[in-house]
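Here are the chains, one letter per residue:
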Amino acid sequence: MTSAAQEHESKAYPPSPEFTATANAGPELQAAADADRLGFWDEQAKRLDWAEPWTEVLDWSNAPFAKWFVGGKLNVAYNCVDRHVEAGNGDRVAIHFEGEPGDSRSLTYNDLLAEVSRAANTFTELGLVAGDRVAIYMPMIPEAIVTMLACARLGLTHSVVFGGFSSSALRSRIDDAQAKLLVTVDGQWRRGQAAPLKNAADEAVADAKSIEHVLVVARTGIDVEWTEGRDLWWHETVEKASPEHEAQPFDSEHPLFILYTSGTTGKPKGIIHSSGGYLTQASYTHHYVFDHKPGKDVYWCTADIGWVTGHSYIVYGPLSNGVTQVVYEGTPNSPNEHRHFEIIEKYGVSIYYTAPTLIRTFMKWGREIPDAHDLSSIRLLGSVGEPINPEAWRWYREVIGADSAPIVDTWWQTETGAIMISPLPGITATKPGSAMAPLPGISAKIVDDEATPLGAGGNGYLVLDQPWPAMLRGIWGDEQRYRETYWSRYAEQGWYFAGDGARYDDDGALWVLGRVDDVMNVSGHRISTSEVESALVSHPSIAEAAVVGAADETTGQGIVAFVILREHVENTGDTLIKELRDHVAVEISPIAKPRQITVVPELPKTRSGKIMRRLLRDVAEGRELGDTSTLVDPAVFDAIRGK
Ligand code: PRX
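Residues numbered from 1 in each chain as written. Predicted model: local features only at pLDDT ≥ 70, side-chain atom pairs only at ≥ 80, totals over all residues. Heavy atoms only, no water.

## So, the overall build of the protein
A count of helices and strands for the protein gives 21 helices and 30 strands. Taken over the C-alpha trace, the protein has a radius of gyration of 24 Å; the compact-globule value for 643 residues is 26 Å, and the two agree within 12%. A principal-axis box enclosing the C-alpha atoms of the protein has dimensions of 75 × 60 × 55 Å. Per-residue burial over the protein gives 60% buried out of 643 residues. Long-range contacts, defined here as pairs at least 24 residues apart, represent 70% of the contacts in the protein between residues at least 6 apart. On the protein, roughly 24200 Å² of surface is accessible, and the fraction owed to carbon and sulfur atoms is 49%. Charged side chains in the protein number 57 positive and 88 negative. The centres of these two groups are separated by 2 Å. (Helix = DSSP H or I, 4+ residues; strand = E, 2+ residues; numbered from the N terminus. Rg over C-alpha atoms; globule rule 2.2 N^0.38 Å. Buried < 20%, exposed > 50% of the residue type's maximum accessible area, 1.4 Å probe, protein only. Contact = heavy atoms within 4.5 Å. Areas by Shrake-Rupley, 256 points an atom, 1.4 Å probe, with all protein chains shown as cover. Lys, Arg positive; Asp, Glu negative; His and termini not counted. Charge placed at Lys NZ, Arg CZ, Asp CG, Glu CD.)

Shown next as structure tokens:
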């Protein structure tokens, strides 16, 4: 590390006394967790309303399959909606919805309860029963959140598929989970245009045998194809259903949702989350990490419900705490770069949670844009999805946070379900770029290959050495893969392997360094190298492909592909490259489009035939080559670099 970087590391930002005075978190939190970890979680679970109490906090006897709050029963939607109405807060706004074209509407908790009940009645009428799976393929509109909550209310396990994914990505997720219902929209607004979505949904379900109905919200009013008997309009069903519905409790371990995420192979993993443990930790972290004050704060998490951040920090965590939040449908530069700041100003957003990639984009657009707005309502800022570079951290605090708002850099994963490592506002003196320390109740270690814990300065692997309430309960339909992916590396110790590198600095602050496997992080989205490789080789011109993530100033990593053409395929230069990029967009999603594709005569391989991605990363990032001694043919690089 350079001395400049060291200097950056050492400057800490302590909380202001004013913030500390009213902070939700106090030092007693850590003390309680240290004294009795399970007792601590027992207390946190009591922040929720349970229909039946649990008999045991944690059953880890069948590790790595955990049971939390054993025997307890609750309804997740009741906790997120009904209980706030029953407590007399029915008139509080739950969601300030801001549509991309400029339309807006606010839903109170009374409204939300009526909507969720209507949707639950409709789903029941369609014959769905607890345990069935529902696929959701929607943009960021209130109906998407209503659908998730209606599923939770009925014990239906939802699988949200990001609206930017292609029909083939949707299809494979529907098939894997055997979803019976698909909820979608006619189209979605994107940069002022109505972009069709139902056509992709139609393609995905054309011969998906499990799907019985497709429920469609008319968001844009564009024309759609219609399959009688299968397709239903939301406004002709849900909106006409009764707004009365009584929620039934479900077992604490009842599967709340499946969310697919990229792994190191081409096939995405369906991560399973539970009800009681998941909601306990999502709710606890939202309350303390964001210092959320119900009825006072206006909270805005800019994620999409297609990702875990949207699940835990738009839907379940915040709503369980009776939040008033902004939900925005569109992109940050539609119709222009002022959009987010206008929204902050309009609603008086006080807590703003976003990804480093967007902060770096704001930096590129220039500070005069946020400076043109009154952002004085902001009192806390959050970051998630990738390491935040210290420069972006400081800019975020200074320009968006008036040089005073604490920043919570939150480390977690789809698999962890909720925040694991983060500063606690009002307590932690933060360092730009560091996620600081595991939260009270969470235990993590940084270890080497031999499972030896590392001290300050040593780069190692991040492991979670104790089970936690929101932990994944498995991979849908693939127990073996669950064991292998997360629990085999440190099987002897029984530790969860997170797949991230990390280190402690001299002050004991924890720095997450990024993935150590073949998973890329592009704009905070996890994309596996082999998924993009499979998409490329499914193109008729491509014989072989190798994909690496290369450092990118804005997106964190950019996707760089090296491809070998099939024999007799003509290299048409830019035309071919464009065709390949578009092909990846169709196969996976536009977010997986390689930034750069280079046609090469050969790929660097070890004697056992493994592609040496490390060396390709060196090439992609313009570095001197690392150790090439295990290559079959070191001269291959001259060809790759076109020498
Ligand atoms: O590499 C870490 C990175 O994102 C991965 C998890 O990605 P995903 O499951 O898509 O969830 C993203 C939202 C929680 C992690 O393995 N990551 C996430 N947050 C941080 C981070 N890396 C560094 N610092 C963070 N705050």
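## Describing the UniProt feature "domain: AMP-binding enzyme C-terminal" (unreviewed entry) in the protein
The feature "domain: AMP-binding enzyme C-terminal" (unreviewed entry), as annotated in UniProt, sits at residues 531-610 in this numbering. Across residues 531-610, helical content stands at 26% and strand content at 31%; the span's end C-alpha atoms are separated by 16 Å. (UniProt positions renumbered as here; feature names shortened; annotations may be inferred.)

## Examining the UniProt feature "domain: AMP-dependent synthetase/ligase" (unreviewed entry) in the protein
As annotated by UniProt and renumbered to match this structure, "domain: AMP-dependent synthetase/ligase" (unreviewed entry) occupies residues 87-476. From the first C-alpha to the last, residues 87-476 spans 37 Å; its make-up is 30% helix and 22% strand.

## Here we look at the sheet that holds strand 17 (residues 325-328)
Strand order in the open sheet formed by seven strands is 5-4-17-16-18-19-20, with mixed pairing between adjacent strands. A single partner strand is all that each edge strand has here, and the edge strands are strand 5 (104-108) and strand 20 (407-410). Neighbour to neighbour, the strand axes of the sheet diverge by 20 degrees on average, direction disregarded. As defined by bridge partners, strand 16 (residues 299-301) adjoins strand 17 across two bridges and the pair is classed as parallel. Residue pairing for strand 17: Trp-300 is matched across the bridge by Val-326. Here helix 6 (residues 109-125) sits on the sheet and contacts strand 4 (93-98) and strand 5; the angle it forms with strand 5, its principal contact strand, is near 85 degrees. On top of the sheet, helix 7 (residues 142-154) reaches strand 4, strand 5 and strand 17; it is set at about 25 degrees to strand 5, its chief contact. (Pairing = 2+ DSSP bridges. Axes fitted to C-alpha atoms, helices over the stretch in contact; angles between N-to-C directions.)

## Points about the side chain of Asp-409
Here Asp-409 shows up in strand 20. Despite its burial, Asp-409 pairs with no opposite charge, the nearest such side chain being Arg-360 at 10 Å. In this structure, Asp-409 is in contact with Ser-383, Ile-388, Ile-421, Ser-422, Pro-423, Gly-433, Ser-434 and Ala-435, ignoring residues within four places of it in sequence. (Salt bridge = Lys/Arg side-chain N within 4 Å of Asp/Glu carboxyl O.)

## Topic: the site of the ligand
Close to the ligand lie 17 residues; Asp-409, Thr-414, Asp-500, Arg-515 and Arg-526 are nearest. Coverage of the ligand by the protein amounts to 96% of the 540 Å² it exposes when considered alone. Those elements giving two or more residues to the shell around the ligand turn out to be helix 12 (308-320), strand 20 and strand 25 (510-515). Taken together, the residues that form the shell around the ligand break down as six nonpolar, six polar and five charged. (Near = heavy atom within 4 Å. Nonpolar A, V, L, I, M, F, W, Y, C, P; charged D, E, K, R; others polar.)

## Details of unusual backbone geometry
The omega torsion across Ala-63 and Pro-64 is 5 degrees, close enough to zero to call that bond cis. Along the chain, Pro-64 turns up in the loop between strand 1 (56-59) and strand 2 (67-70). Cis geometry is adopted by the peptide bond preceding Pro-335, which originates at Ser-334 and carries an omega value of 0 degrees. You can see Pro-335 is positioned in the loop between strand 17 and helix 13 (339-347). Positioned with a positive phi, Gln-178 is a non-glycine residue whose angle comes to about 55 degrees. For Gln-178, the location among the structural elements is in the loop between helix 8 (167-177) and strand 8 (181-185).

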